[in-house]
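A structural walkthrough
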Amino acid sequence: MTVFAVEYVYVADSDALRDEARPAHRAWLGGLAEENTLLASGPYGDGAGALLIFKSADETQLNDLLKEDPFAAAGVIAGIRTTEWSPIIGVLAAHTS
């Protein structure tokens, strides 16, 4: 499995839509964390986006998974940047293949 860093950029002024979709979004993320597919996630301090760390077989599989995010269905994600990442030191290093 490969580790990927995924950056979400939220649509400007989408706070209300995100608040509405957040319970479903967090439930979806929670399920992925239980499966050990999602290693970490959380919003940026400025509220403009979020960082999510996933394990996936490849980027195509990951992109298909990201389409299932309730935030995507709610239309609050303006952009996504996906980067293969190799954690070398720290608690996530054990997840590098």
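1. Topic: the side chain of Arg-18
Tracing the chain through its elements places Arg-18 in helix H1 (residues 15-34). When sequence neighbours within four positions are dropped, the list of residues in contact with Arg-18 reads Tyr-10, Gly-47, Phe-71 and Val-76.

2. Regarding the sheet that holds strand E4 (residues 77-85)
What links the strands of a sheet is backbone hydrogen bonding, and the strands pair in either a parallel or an antiparallel sense. Read from one edge to the other, the open sheet built from four strands follows the order E2-E3-E1-E4, with strand pairing classed as antiparallel. Looking at strand neighbours, the two that pair on one side only are strand E2 (38-43) and E4, the edges of this open sheet. Sheet twist, expressed as the average angle between the axes of neighbouring strands with direction ignored, equals 15°. Two elements, strand E1 (residues 2-10) and E4, share eight bridges in a ladder whose sense is antiparallel. Residue pairing in the sheet places Ala-5 in a bridge with Thr-83 of E4. On the sheet, H1 packs against E1, E2 and strand E3 (49-56) and is oriented at approximately 160° with respect to E2.

3. A few points about the nonpolar core
Grouped together as the largest cluster of nonpolar side chains are 18 residues, with contacts concentrated most on Val-6, Tyr-8, Leu-52, Phe-54 and Leu-62. Elements that contribute at least two residues to this core include exactly E1, H1, E3 and helix H2 (59-66). In this structure, Val-3, Ala-5, Ile-53 and Leu-92 belong to the second largest nonpolar core, which totals five residues.

4. Structural notes on H2
Those residues of H2 that fall on the buried side of the exposure criterion are Leu-62, Leu-65 and Leu-66. Along the axis of H2, the buried residues cluster in a sector spanning 100°; they form a single face. Looking at the buried side of H2, the elements it contacts are E1, H1, E3, helix H3 (70-74) and E4. Between a side-chain oxygen at the N-terminus of H2 and the backbone nitrogen of Thr-60 the separation is 3.1 Å; the capping residue is Asp-58.

Rules used in this analysis
Residues numbered from 1 in each chain as written. Predicted model: local features only at pLDDT ≥ 70, side-chain atom pairs only at ≥ 80, totals over all residues. Heavy atoms only, no water. Helix = DSSP H or I, 4+ residues; strand = E, 2+ residues; numbered from the N terminus. Contact = heavy atoms within 4.5 Å. Pairing = 2+ DSSP bridges. Axes fitted to C-alpha atoms, helices over the stretch in contact; angles between N-to-C directions. Core = buried A, V, L, I, M, F, W, Y, C linked by side-chain atoms within 4.5 Å. Buried < 20%, exposed > 50% of the residue type's maximum accessible area, 1.4 Å probe, protein only. Arc of directions from axis to C-beta. Polar contact = N/O pair within 3.5 Å; in protein donor to acceptor, adjacent residues only side chain to side chain.

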